[in-house]
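Residues per chain, in single letters:
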Amino acid sequence: MIIDTTEVQAINSFFRLESLKEVYEIIWMLVPIFTPVLGITIGVLVIVWLEREISAGIQQRIGPEYAGPLGILQALADGTKLLFKENLLPSRGDTRLFSIGPSIAVTSILLSSLVIPFGYRLVLADLSIGVFLWIAISSIAPVGLLMSGYGSNNKYSFLGGLRAAAQSISYEIPLTLCVLSISLLSNSSSTVDIVEAQSKYGFWGWNLWRQPIGFIVFLISSLAECERLPFDLPEAEEELVAGYQTEYSGIKFGLFYVASYLNLLVSSLFVTVLYLGGWNLSLPYIAVPYFFEINKGGRVFGTIIGIFITLAKTYLFLFIAITTRWTLPRLRMDQLLNLGWKFLLPISLGNLLLTTSSQLLSL
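It should be emphasised that the depicted structure is a prediction, and the values quoted were computed from it without experimental measurement. Residue indices follow the written sequence of each chain, beginning from 1 at its first position. Since the coordinates come from a predicted model, pLDDT governs what is reported: local features require at least 70, and pairs of side-chain atoms require 80 or more to be given and counted, while whole-chain, interface and lining totals use all residues. Neither water nor hydrogens contribute to the side-chain values; these are computed over all heavy atoms in the structure.

**Some words on the overall build of the protein chain**
Argument step 1. Helix and strand content of the protein chain: 14 helices and zero strands.
Argument step 2. Here a strand is any run of E in DSSP of at least two residues, a helix any run of H or I of at least four, and the numbering for each starts at the N terminus. The linear arrangement of helices and strands in the protein chain, starting from the amino end, is α-α-α-α-α-α-α-α-α-α-α-α-α-α.
Argument step 3. Across the 363 residues that make up the protein chain, the buried fraction comes to 47%.
Argument step 4. Pairs of residues are marked as contacts when any of their non-hydrogen atoms sit within 4.5 Å. Counting contacts in the protein chain only where the partners sit at least 6 residues apart, residues at least 24 apart contribute 79% of the total. Exposure categories follow from relative accessible area, calculated using a 1.4 Å probe and restricted to protein chains: below 20% of the type maximum is buried, above 50% is exposed, and the middle band is partly exposed.

**Re the UniProt feature "transmembrane region" (unreviewed entry) in the protein chain**
Argument step 1. UniProt positions are given in the numbering used here, feature names are shortened, and annotations may be inferred rather than shown by experiment. UniProt's feature table lists "transmembrane region" (unreviewed entry) at residues 26-50, 97-119, 131-150, 255-278 and 298-322, given in the numbering used throughout.
Argument step 2. Along residues 255-278 the backbone is 88% helical and 0% strand, and the end-to-end C-alpha distance reaches 29 Å.

**A look at the nonpolar core**
Nonpolar side chains tend to gather and get buried jointly when the protein is soluble and globular.
Argument step 1. Ranked by size, the top nonpolar core spans 56 residues in total, and within it W134, V179, F218, L265, F270, L274 and Y275 carry the most contacts.
Argument step 2. For this core, the element with the highest residue contribution is helix α11 (residues 250-275), accounting for 12 residues.
Argument step 3. Two domains share this core, each providing at least three of its residues, namely domain 1 (1-63) and domain 2 (84-360).
Argument step 4. Other than its neighbours up to four places away in sequence, F270 contacts S112, V115, I116, V131, W134 and T191. Think of a nonpolar core as a cluster: buried Ala, Val, Leu, Ile, Met, Phe, Trp, Tyr and Cys residues, connected wherever their side-chain atoms sit within 4.5 Å. What marks off one domain from the next here is an automatic or database domain assignment.

**Quick notes on the pattern of salt bridges**
Argument step 1. Just to be clear on terms, a salt bridge is a Lys or Arg side-chain nitrogen sitting within 4 Å of an Asp or Glu carboxyl oxygen. Tallied over the entire structure, the rule returns five salt bridges.
Argument step 2. Among the salt bridges present, the one from E51 reaches R228, with a minimum N-O distance of 2.5 Å. Within this pair, whereas E51 is found in helix α1 (residues 5-58), its partner R228 is found in the loop between α9 (212-225) and α10 (237-240), the two being separated by 177 residues in sequence. For the residue pair E51 and R228, the accessibility class agrees, reading buried in each case.

**Regarding the layout of surface pockets**
Take a probe with the size of a water molecule and roll it over the atoms, and the empty space left behind shows itself.
Argument step 1. Counted as a void, the second largest pocket has a volume near 410 Å³.
Argument step 2. Taken together, 19 residues line the second largest pocket, and the ones lying closest to its centre are T35, P36, G39, F118 and L122.
Argument step 3. When residues of the lining of the second largest pocket are traced back to their parent elements, those giving at least two are α1, α11 and α13 (296-325).
Argument step 4. Looking at the lining of the second largest pocket element by element, the count peaks at seven residues for α1.
Argument step 5. By the convention adopted, Pro, Cys, Tyr, Trp, Phe, Met, Ile, Leu, Val and Ala count as nonpolar, Lys, Arg, Asp and Glu as charged, and the other residues, Gly among them, as polar. Among the residues making up the lining of the second largest pocket, the classes are represented as 15 nonpolar, four polar and no charged. A cavity here means a set of points on a 1 Å grid, drawn over the protein atoms and nothing else, where a 1.4 Å probe fits but cannot get out; a pocket is an open set with protein on both sides within 12 Å along at least five of seven lines, and a residue lines either one if it has an atom within 4 Å of a point. Grid points are joined across faces, edges and corners, and a volume is the space filled by probe spheres set on the points.

**Describing the packing of aromatic side chains**
Argument step 1. The rule is short: rings of Phe, Tyr and Trp, with Trp giving its six-membered ring, pair when the centres are within 6.5 Å, and they are stacked under 30 degrees, edge-to-face over 60, tilted in between. Within the structure shown, the criterion is met by 14 aromatic pairs.
Argument step 2. Ring plane angle 45° and centroid distance 6.1 Å describe the contact between W134 and F218, whose orientation is recorded as tilted. Taken as a pair, W134 in helix α4 (residues 130-138) and F218 in helix α9 lie far apart in primary sequence, 84 residues in all.
Argument step 3. On the basis of relative accessible area, F218 is assigned to the buried category, the value being 1%.
Argument step 4. Through pairs of rings, three or more aromatic residues link up here, namely W134, F215, F218, F270 and Y275.

**Here we look at unusual backbone geometry**
Peptide bonds are trans in most cases, and residues, glycine excluded, mostly fall at negative phi.
Argument step 1. The residue Q60 is not glycine, and still its phi comes out positive at about 55°.
Argument step 2. Here Q60 is to be found in the loop between α1 and α2 (74-83).
Argument step 3. Of the residues examined, Q60 reaches a relative accessible area of 76% and is grouped as exposed.
Argument step 4. The residue N153 is not glycine, and still its phi comes out positive at about 55°.

**Remarks on the environment of I109**
Argument step 1. When you line up the elements, I109 lands in helix α3 (residues 95-111).
Argument step 2. For I109, a relative accessible area of 5% puts it in the buried group.

**Focus: α2**
Argument step 1. If you check which residues of α2 are buried, you get Q74, A75 and L82. Down the axis of α2, the buried set is contained in an arc of 100°. They therefore lie on one face. This arc is built from the directions going out from the helix axis to the C-beta atoms.

**Thoughts on the environment of K155**
Argument step 1. Locating K155 in the fold gives a position in helix α6 (residues 155-186).
Argument step 2. Each C-alpha atom of the pair K155 and G243 lies 9.0 Å from the other, and the pair is 88 residues apart in sequence.

**A word on the environment of I135**
Argument step 1. Along the polypeptide, I135 turns up in helix α4.
Argument step 2. Taking C-alpha positions, I135 is 8.5 Å from L175, a pair spaced 40 residues apart along the chain.
Argument step 3. Sequence-distant contacts of I135, defined by excluding residues within four places in its chain, comprise E172, T176 and V179.

**Concerning α11**
Argument step 1. By this rule, a helix spans an expected 1.5 Å times one less than how many residues it contains. Helix length check: α11 (26 residues) gives 38 Å between terminal C-alpha atoms against 38 Å at 1.5 Å per residue, within 8%.
Argument step 2. Among the 26 residues that make up α11, 21 are buried, leaving the element largely enclosed by the rest of the structure.
Argument step 3. Of the residues flanking the end of α11, it is G277, one or two places downstream, whose phi is positive at about 80°.

Right, here's the structure in full:
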């Protein structure tokens, strides 16, 4: 039997092309997944640098200035230092819960970024229940904190985990009621549809003007969910010796800070999407995607502008959250729970009833 070498070479080249094609498809499938993760990671580094610089300005002191230009690499230097520190485990604690807790806190917040639109059709998962998926997934993070506190075999840590769970439950309900009001106004729970509904009337179509009470409640609840001052009771050093993260060291200790800043970034992005018009330019009757969609190059430019506008609005809210940290004193635990259950819950429920009534009357 005579085998033609040209046919063998053709078959081998065909299989090589097929294998390369499969590898290319896998890489192209992973690009949309890792790009937002990389962007969010860079965003966290920027937030840490901004908080250090803004805090230094408010306190009239010098912030980081030696690690990179203007100290912008200080957060990266701190993360690298934590990465190489010794990872200690409590001798009598539950090591499995102790190790899993920080990972759950970070992973749950990263998953909630799937439904955030950064521009027109620039979203990983445009789901019909997008905003409620965010609430459901972000509610898993306090479970990780509770596991961390219990697994540490430390009474202060366990008390910090319990406070985190109690705080999350207290402020999750007003937050959900505010999101439900926005869904009723937009006739959709999709994050993309909510932004599109605000783009009809430009700046005056923002839900900020249609839902001012809900915006204030959402703002306060977001700060409480992120455990930012004045709501950082679960990790207050003066009361709980750093709470649920007392026994942690090394990279696991750093994961808690990554989760905190990730939660702040994601909450700020949702404030932009739900109340500040998302990626739209906010000129009356003009939205960025339609304004720049003249040709293919215009679409790319419009997408870049949309991402820039989304991030600008997001970092405006971040500036408010950072300045609030150095403006208001810390609440007591009873004051925190009273604010959530006795004030924010009735106000958000009344806001939902008013929104429902107005929607029924407009039919």
